Structures are given as C-alpha cells and as structure tokens.
Amino acid sequence: MVSKSHKPNGRIATAAKKKKQRGRITQGDNSVRVVGWREGRKAPRKTTRAKRLILGPKEIDKLSEDELLDTRLCDLGISVDSDWLKPKLEQLYSELSKRGIRFRPHAWLSDEWFSPDGIPGIAIPFCLAHPRLKSLERRRMYEVEGGTASWCMKILRHEAGHAIDTAYRLHRKAAYKKAFGNYFDPYPDTYRPNPNSKKYVLHLEPWYSQSHPAEDFAETFAVWLAPRSGWRKEYEGWPAFQKLELVEDFIAKVGQTSPKVYSRAKADPITRNRDTLREHYRERHALYTERRPISFDHDLKRLFPAKLNGRHGRTTSAAAFLHQNRTELSRVVSQWTREYRYNVNQVLREMIDRCRELDLRTSGSPTEAKQRALVMLTVQTMNYLHGGHHRVAL
Ligand SMILES: [Zn+2]
C-alpha cells in the first residue's frame, strides 16, 4: 500500500512502477512512519541460471526445515489457486459483482501485499498459499499479515480499491482530488495522525487512511465494499461519510464500463524471485534491526539476562515467552496506561523481534518474568507516549 517508487530517500525499487504498496508503520515523535521493509533492499544478485526444480504443494510438506529454507521462491510450485486463497478471491469477485463492478483485478503471488502503479491487480504474499509456508512465516515474523479469513478479506478489499482506482483512473477526477487529495503526492516519510479525526474511515489499522490520499481512497473503498459494513449508520455525521458516498457515486458511473487501464502484468512475482526463503527472512529481519534504538536493547538485556541460571540450567526463548503472553501483557498495559491496544502491541512486537535477534533467554519463575516484562512494556509505552524518542518498527 505504500509507494515503492516514491520512497522518501529517493531509492527506486527494482519494480520502479510500484506504488500503493502496503507498508509497515513505525512510530516516533508522536508521528507514524511508513516504511516498506524492502526500502533497504539490496540489488538483485547476479546468479547463473540454475536448473529450476519446481516443488509441488505435497513436496513442500515433505521438506525438512533446512531444506525448505534453502528453497528459492521461484521453485515453490504454489499459486493463488490454493485451497485457502482461491475462495477468498472468489468472495472478493462476488462482492465486486454485487456492488455493480464488472472489472476483476487479477492476483498473483509476490513477497508482500501491494497493488502496483499502472497495473490494476493485487500481489499477495506467497506464504498465504501454503500452510507450511504460513507457519514458517508465523515462526519467523510472529504474525501472518492477512493470515485469518477476515483479515485477508479486509486487505483484499483494500488492494481492490487501489486496483479499481488504477483501472478507471479515478484519481484524475476533480471530485477525487477534492475529497481525498492529490494521488501523485509523494508518500510521506512520517505523518502525524489525528486519532480523533472523523474525516477518515477506520479499516485496516487505526489512522492508516491518514497516511496518503491513495490509501485514504483504498480504505474508504474497502469499508464501502464490505458486505454488511453498515457504513451509512456507522459513519453517519462523520465528514468521512461524504467520501463513502463519493465512492458509491464513482462506481455507479464506471462500474459497468470497461476499464481504461487493462494490464494483466504481474510485478515482482515469486516465479521470478531467486532468493531462497532463508535470504528472504534474513533481509526482512535485517531491516528491522536498522531502526532500533540502542537504549531499548540495554533494557531488554537487563530484563532477560542471557545467563543459564535457571533450574537445571534450563532456559526458554524470551521472544517465545513474550509471544505466548502477549495477549495478557498488552491487555494489562493498555488498561494501566489507557493507551490504544494497537500502540502497546507495536512496542511489544518490537520487544519480541529484538529478543529473537539477540537470542535472549528467560529462566526462573514465569510469574516473575511476566512481572518484569509488564514493567518494561509499561515504561516503553510511556516513553513512546510522552518522550517521543522511541521508534517502533512493525
Ligand atoms: Zn494501500
């Protein structure tokens, strides 16, 4: 959803035409920073053309963890026609049809969610196409973006919004510019969301629609498209209501017409990605590391001293410990600090990522470890709230 071509640092990604790619949101100085994890992506390696041995879904199941990690993305014989994804896409198409939209955005597997600039289609993370890859993603990233049916549908509707915007060039219309802003504005490095604003719908993540006019449109479209979303009631009296009505108006005019942009091209499909899964995850983790404050590590190391001092010298991974207790930790801290659960979760996610990278261990009583984790999470959440120095990577 965040532009790859409009990166603030001026670095142009390999697919220079990519835009509106879903990004990671980081926070600091009370603003939200939008970054794609591929921002720091290295140039593609020059490789000699190795023989491709495509692994079918059943063969993927048989691989050991190491064999799987050494598999190149282009050798995964998976597609959007998988058992889990296919019905989701069919549901999206049926929702579009029910709302009077003839156009069907095409979909393909890539390494993350996005809809490219100039191509009215949807790139879907490959891990969603196979249960084994999904569980690998969960273990490596502690979360599968769009991994549940309802979350997947929400993102699909959002990306469909971008695709339809592209297909019918809605962003060129004066009414679009007036309501959502200039689609061609560069994506900001940071933005200051107003949590209380009623000018924007709430859909994927709080305030995401405030990040850019194209995201605002996609989020508004997604809310409008969702069956039984009840937007007329829910957004009654909000200035965002007019944007929802504008989407309805646009679709009433173009829904049955042929799209102006009709490309079936696929940007960054996994079929052309020669990275192994190991390289893929190494790159994603490395990007998170770049953005972490030093003080944060210091506190974490105090919280989880990496000494084997537990009973029988036994320790457990601090990342796994925090992950197992994440629901309770974020609930309690959110109650104490009266901070949005979402923000607390971001800090917690940062703690988990960093514990994993530093390979921190916890030993002794879980109750004690939980109490210390609660204090750390509370302090970091308050720092984030009032100090404005803490930057959290998602
Ligand atoms: Zn988007």
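This text goes with the structure placed above it.
Just so you know, these numbers come straight off a predicted model, no measurement behind them. (Residues numbered from 1 in each chain as written. Predicted model: local features only at pLDDT ≥ 70, side-chain atom pairs only at ≥ 80, totals over all residues.)

Enquirer: I keep staring at the overall build of the chain and nothing clicks. Help me out?
Expert: A count of helices and strands for the chain gives 15 helices and 7 strands. When burial is assessed residue by residue, the chain has 40% of its 394 residues classed as buried. Considering only contacts within the chain whose residues lie at least 6 apart along the sequence, 70% involve residues at least 24 apart. (Helix = DSSP H or I, 4+ residues; strand = E, 2+ residues; numbered from the N terminus. Buried ≥ 20, exposed ≤ 12 C-beta atoms within 10 Å, placed from the backbone. Contact = placed C-beta atoms within 7 Å.)

Enquirer: Is there a simple way to think about unusual backbone geometry in this case?
Expert: Despite not being glycine, R169 shows a phi value in the positive range, around 45 degrees. Residue position: R169 is located in the loop between α5 (149-167) and α6 (174-180). Accessibility expressed as a C-beta count within 10 Å gives 15 for R169, which makes it partly exposed. Of note in the backbone geometry, D359 takes a positive phi value of approximately 50 degrees without being a glycine. The topology assignment puts D359 in the loop between α14 (341-358) and β7 (361-362).

Enquirer: Any chance you could explain helix α7 (residues 213-225) here in plain terms?
Expert: Structural remark: α-helix, 3.6 residues per turn; residues separated by three or four positions point the same way. Over its 13 residues, α7 runs 18 Å from end to end, which matches the ideal 18 Å to within 8%, given 1.5 Å per residue. The element α7 is extensively covered by neighbouring structure, given that 12 of its 13 residues are classed as buried. Within the sequence span of α7, burial applies to A214, E215, D216, F217, A218, E219, T220, F221, A222, V223, W224 and L225. Of the surrounding secondary structure, the elements contacted by the buried residues of α7 are α3 (85-98), α5, α6, α8 (231-234) and α9 (240-254). (Expected span 1.5 Å × (residues − 1).)

Enquirer: Is there a simple way to think about the environment of S82 in this case?
Expert: Examined against the element boundaries, S82 turns out to sit in the loop between α2 (65-69) and α3. Separated by 25 residues in the primary sequence, S82 and P57 have C-alpha atoms spaced 9.1 Å apart. Those residues in contact with S82 that sit more than four places away from it in its chain are A129 and H130.

Enquirer: Just checking my understanding: could you explain the pairing of strand β4 (residues 121-125) for this structure?
Expert: The side chains of a regular strand alternate, first on one face of the sheet and then on the other. Taken across its 5 residues, β4 has 5 buried, putting it largely inside the fold. Neither face of β4 is open: one carries G121, A123 and P125, the other I122 and I124, and all of them are buried.

Enquirer: I would appreciate a short explanation of the packing of α3 against α5 in the present structure.
Expert: Between two packed helices, what matters for the description is the angle formed by their axes and the separation of those axes. With their axes 10 Å apart at the nearest point, α3 and α5 run at an angle of 50 degrees to one another. Here α3 lies oblique to α5, going by the angle between them. For the crossing formed where α3 meets α5, the hand is right-handed. Contacts between α3 and α5 pair K88, Q91, L92 and L96 from the former with A149, C152, M153, L156, R157 and A160 from the latter. Of the residues belonging to the contact of α3 with α5, the class tally is 7 nonpolar, 1 polar and 2 charged. (Axes fitted to C-alpha atoms, helices over the stretch in contact; angles between N-to-C directions. Parallel < 35°, antiparallel > 145°, perpendicular 65-115°, else oblique. Left-handed = near helix turned anticlockwise from the far one by under 90°. Nonpolar A, V, L, I, M, F, W, Y, C, P; charged D, E, K, R; others polar.)

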